[in-house]
Amino acid sequence: MARFTINGRSVNINVSPGTPLLWVIREQVGLTGTKYGCGIAQCGACTVHLDGVAVRSCIMPVAAAEGKKVTTIEGLAGGGTLHKVQKAWVDGDVPQCGFCQSGMIMAVAALLKDKPKPTDADIDATITNICRCGTFQQVREAIHAAAKA
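Along each chain, the written sequence defines residue order, and numbers are assigned to residues from 1. Only residues with pLDDT of at least 70 are given local features in this predicted model, and only at 80 or more are side-chain atom pairs given and counted; all residues enter the totals for whole chains, interfaces and linings. The basis for the side-chain values is all heavy atoms of the structure; hydrogens and waters are excluded.

For the rest of this paragraph, the subject is the overall build of the protein chain. Helical segments are the DSSP runs of H or I of at least four residues, strand segments are the runs of E of at least two, and each set is numbered from the N terminus. Looking only at helices and strands, the protein chain features six helices and five strands. Ordering the α and β elements of the protein chain from the N terminus gives β-β-α-β-β-β-α-α-α-α-α. Here the globule rule is a power law, 2.2 Å times the number of residues to the power 0.38, and the radius of gyration is based on C-alpha atoms. Relative to the 2.2 N^0.38 estimate, which gives 15 Å for 149 residues, the radius of gyration of the protein chain is 15 Å and therefore close to what a compact globule would have. Dimensions of the protein chain along its principal axes, counting C-alpha atoms only, are 40 × 30 × 25 Å. Looking at the protein chain as a whole, 44% of its 149 residues are labelled buried. Any two residues whose heavy atoms approach within 4.5 Å are treated as being in contact. Contacts in the protein chain between residues at least 24 apart in sequence constitute 56% of all its contacts with a sequence separation of at least 6. Only protein chains enter the accessibility calculation, which uses a 1.4 Å probe; a residue whose area is less than 20% of its type maximum is buried, one above 50% is exposed, and one in between is partly exposed.

Here the focus is helix α3 (residues 84-91). Buried within α3 are the following residues: Val85, Gln86, Ala88 and Trp89. Around the axis of α3, the buried residues are gathered within 160° of arc, so they sit on the same side. Across α3 from its buried face, at more than 90 degrees, point the exposed residues Val90 and Asp91. Structurally, α3 contributes buried residues whose contacts are with α2 (73-76), α4 (101-114) and α6 (136-148). Looking one or two residues beyond α3, the residue adopting positive phi is Asp93, at roughly 50°. Working definition: the arc comes from the directions between the helix axis and the C-beta atoms, pointing outward to the latter.

A word on the pattern of salt bridges. Here, a salt bridge means any Lys or Arg side-chain nitrogen found within 4 Å of an Asp or Glu carboxyl oxygen. Throughout the structure, instances matching the rule amount to four salt bridges. Between Lys87 and Asp91 there is a salt bridge, with the nearest N and O atoms lying 2.8 Å from each other. Placement of the pair is Lys87 and Asp91 together in helix α3, with a separation of four residues, close to one helical turn. By relative accessible area, Lys87 is classed as partly exposed at 44%. Here Asp122 ties to Lys115 by a salt bridge, and the two come within 3.4 Å at their closest N and O atoms. One connected set of salt bridges, linked through shared partners, spans Asp120, Asp124 and Arg140.

In structure tokens:
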């Protein structure tokens, strides 16, 4: 039995402790905003927050979430108001296909929590998510816009 909080809601899920957190989020909890991309923690499409830290959920066993707080893209906004990163994404028209964007947004939200005014070097070092559409320049612009918000 895995017990943790997801987007403010306590859950008890009967799965093997080694089941990847991503599959528990998508299949057992039913939140499909977190995407499967590569399965080896390289692309970042599966990024969620575990106690406020950005993690790649495709390789994280659900046992690592025991007793912790998980936040997915569905839980990032609060009270019907977009998170400042989500707003910057919309305002900057960042996504093309949008597949990687939930993970990218989660990684950026964690970066801005730790470094409210990141430099380009901070962004390069921290945001290692892959966008197959190549919207990296728009992502960088949106990060700087969110940092100013």
